[in-house]
Amino acid sequence: MGYPMARNLRVKVPADDALVIFDVNKDATKRFVDELGGTSKNVVVASKLEEVVDRSDTIITMLPEPQHVKSAFSSFLNASSSPIGKEQKLFIDCSTIDISTSLSVGKSVRESSLNGQFVDAPVSGGTVGAAAGTLTFMVGSESALLSRITPLLSLMGGRVIHCGPPGAGLAGKLSNNYLLSISNIATAEAMNLGIKLGLDRKVLKNLINVSSGRCWSSEINNPVDTAERGFKGGFGISLMKKDLKLAIQAAEETGAKLAMAEKAREVYEAVEGVDDCKGRDFSVVYRWLGGDEGKK
């Protein structure tokens, strides 16, 4: 998702603003420079993470796991320069990680020699929303930062929702993705059931989407549609399994009862263990159920 988000930034921010990028995937950074025009479009590829901080006032990160966030910010905090502009350095982390790690990283940023500000701003909307610039950002920050955060995130998303103080953005994201993990399984099961009962898949999809079963998984990411592309791209099964694990962890820490969580975790672990499902969009649960008739 980072690629289309960065693309929207480069296209929409003023031409004289430099966009400094870094990714361990060098092919991705090369493709980005080739597409956006490199230095002629003020795109700078950093040679190391510290350079991103040295050359930027605002740093946006999106990483897969808590350990990646910890590692990246450990490098960030080794940067030596002061802000290049008039504003205090602002770190916006769009990763979906556990709340305690996010709060700890934020504390490190504030107490470091950079004296920066840290915001958790996980997103919802998937790769489709990232490309279209319609993501929802769930922000955890002090209210005073909103005037600086909102215009920037609005370049990549259609909604910026202030959920509360630091950590609240992640609380919103984990709650949302727990629901998504369940609705995805239910949608796959419902589509599989209806088709096996003799309904045309398009008729069933349209019926659900004008009825009470309608949800994001049935309308935007319906498995009969993702099956047509072999469940390639989209939100990976491993990421959904990770987010579900984080939601379960948060529930255990707060004493919230999640009646369907363990069964959902069993399903995603089983799906990811199948060769034809591994690495695919999380709607590949439908294939695991036998619903796409072996399409690959």
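Residues numbered from 1 in each chain as written. Predicted model: local features only at pLDDT ≥ 70, side-chain atom pairs only at ≥ 80, totals over all residues. Heavy atoms only, no water.

### Quick look at helix H8 (residues 168-196)
Consideration 1: Taking 1.5 Å per residue, 29 residues should reach 42 Å; H8 reaches 42 Å between its end C-alpha atoms and fits that length.
Consideration 2: Two residues or fewer past H8, glycine 198 is found with a positive phi of approximately 105 degrees. (Helix = DSSP H or I, 4+ residues; strand = E, 2+ residues; numbered from the N terminus. Expected span 1.5 Å × (residues − 1).)

### Examining the packing of H8 against helix H13 (residues 261-272)
Consideration 1: Two numbers describe how H8 lies on H13: the axes approach to 10 Å, and their chain directions differ by 65 degrees. Here H8 runs over H13; the crossing is left-handed. Between H8, through Tyr178, Leu180, Ser181, Ile182, Asn184 and Ile185, and H13, the contact on the second element is made entirely by Ala261, Ala264, Val267 and Tyr268. (Axes fitted to C-alpha atoms, helices over the stretch in contact; angles between N-to-C directions. Left-handed = near helix turned anticlockwise from the far one by under 90°. Contact = heavy atoms within 4.5 Å.)

### Here's the deal with the packing of aromatic side chains
In this description, a pair of aromatic rings is defined by centroid distance and the angle of the planes.
Consideration 1: The tally for this structure, following the rule as stated, stands at 6 aromatic pairs.
Consideration 2: With 5.0 Å between their ring centres and 85 degrees between their planes, phenylalanine 73 and phenylalanine 76 make a pair best called edge-to-face. On the criterion of helical spacing, the pair formed by phenylalanine 73 and phenylalanine 76 is a turn pair, its members being 3 residues apart in helix H4 (residues 66-76). Across this residue pair, the class does not change: phenylalanine 73 and phenylalanine 76 are buried.
Consideration 3: For the ring pair phenylalanine 76 and phenylalanine 91, a centre distance of 5.8 Å and an interplane angle of 40 degrees mean the geometry is tilted. Residue phenylalanine 76 is located in helix H4, and its partner phenylalanine 91 is located in strand S4 (residues 90-93); the two are separated by 15 residues in the primary sequence.
Consideration 4: Each member of the aromatic cluster is reached from another via a ring pair, and the members are Phe73, Phe76, Phe91 and Phe118.
Consideration 5: Between arginine 31 and the ring centre of tyrosine 3, over which it is positioned, the NZ or CZ distance is 3.9 Å. (Phe/Tyr/Trp six-rings, centres within 6.5 Å; stacked < 30°, edge-to-face > 60°. Buried < 20%, exposed > 50% of the residue type's maximum accessible area, 1.4 Å probe, protein only. Lys NZ or Arg CZ within 6 Å of the ring centre and 35° of its normal.)

### Quick word on the nonpolar core
Consideration 1: Ranked by size, the top nonpolar core spans 28 residues in total, and within it Ile237, Tyr268, Val271, Phe282, Val285 and Tyr286 carry the most contacts.
Consideration 2: At the level of elements, H8, helix H9 (201-208), helix H12 (237-254), H13 and helix H14 (285-288) are the ones that each hand at least two residues to this core.
Consideration 3: Among the elements that make up this core, the one with the highest residue count is H8 (7 residues).
Consideration 4: Look past the residues within four positions of valine 285 in its chain and what remains in contact with it is Asn184, Ile185, Ala188, Ile237, Val267, Tyr268 and Val271.
Consideration 5: Core analysis: the next-biggest nonpolar cluster, separate from the first, contains 25 residues, Leu19, Leu36, Ala130 and Met156 among them. (Core = buried A, V, L, I, M, F, W, Y, C linked by side-chain atoms within 4.5 Å.)

### Considering the domain arrangement of the chain
Consideration 1: Split by domain assignment, the chain resolves into domain 1 (1-165) and domain 2 (171-289).
Consideration 2: Distance between the C-alpha centres of domain 1 and domain 2: 28 Å.
Consideration 3: The partner domain 2 presents 11 residues to the 12 residues of domain 1 that form the contact.
Consideration 4: When residues of domain 1 are sorted by the area they lose upon contact with domain 2, Thr96, Ile99 and Met138 head the list and together hold 38% of the total.
Consideration 5: Where domain 1 meets domain 2, there are 4 residue pairs in polar contact (both at pLDDT 80 or more).
Consideration 6: In the side of domain 1 that touches domain 2, the residues fall into 6 nonpolar, 4 polar and 2 charged. (Domains from an automatic or database assignment. Buried area = accessible area lost by both parts, 1.4 Å probe. Polar contact = N/O pair within 3.5 Å; in protein donor to acceptor, adjacent residues only side chain to side chain. Nonpolar A, V, L, I, M, F, W, Y, C, P; charged D, E, K, R; others polar.)

### Here we look at unusual backbone geometry
The phi torsion of most residues other than glycine is negative, and most of the peptide bonds are trans.
Consideration 1: Even without a glycine there, the phi angle at phenylalanine 231 is positive, about 60 degrees.
Consideration 2: By relative accessible area, phenylalanine 231 is classed as buried at 0%.

### Regarding the packing of H8 against H9
Each pair of packed helices can be summarised by the angle the axes make with each other and by the distance between the axes.
Consideration 1: Closest axis-to-axis distance for the H8/H9 pair is 9 Å, and the angle between their directions is 130 degrees. Judged by the inter-axis angle, H8 sits oblique to H9. As H8 packs across H9, the resulting crossing turns out to be right-handed. The residues of H9 that touch H8, namely those facing Ala190, Met191, Gly194 and Ile195, are Arg201, Leu204, Lys205 and Ile208.
Consideration 2: Taken together, the residues of the contact of H8 with H9 sort by class into 5 nonpolar, 1 polar and 2 charged. (Parallel < 35°, antiparallel > 145°, perpendicular 65-115°, else oblique.)

### Quick look at the environment of proline 151
Consideration 1: Position of proline 151 among the secondary structure elements: in helix H7 (residues 146-153).
Consideration 2: With 144 residues separating them along the chain, proline 151 and arginine 7 place their C-alpha atoms 16 Å apart.

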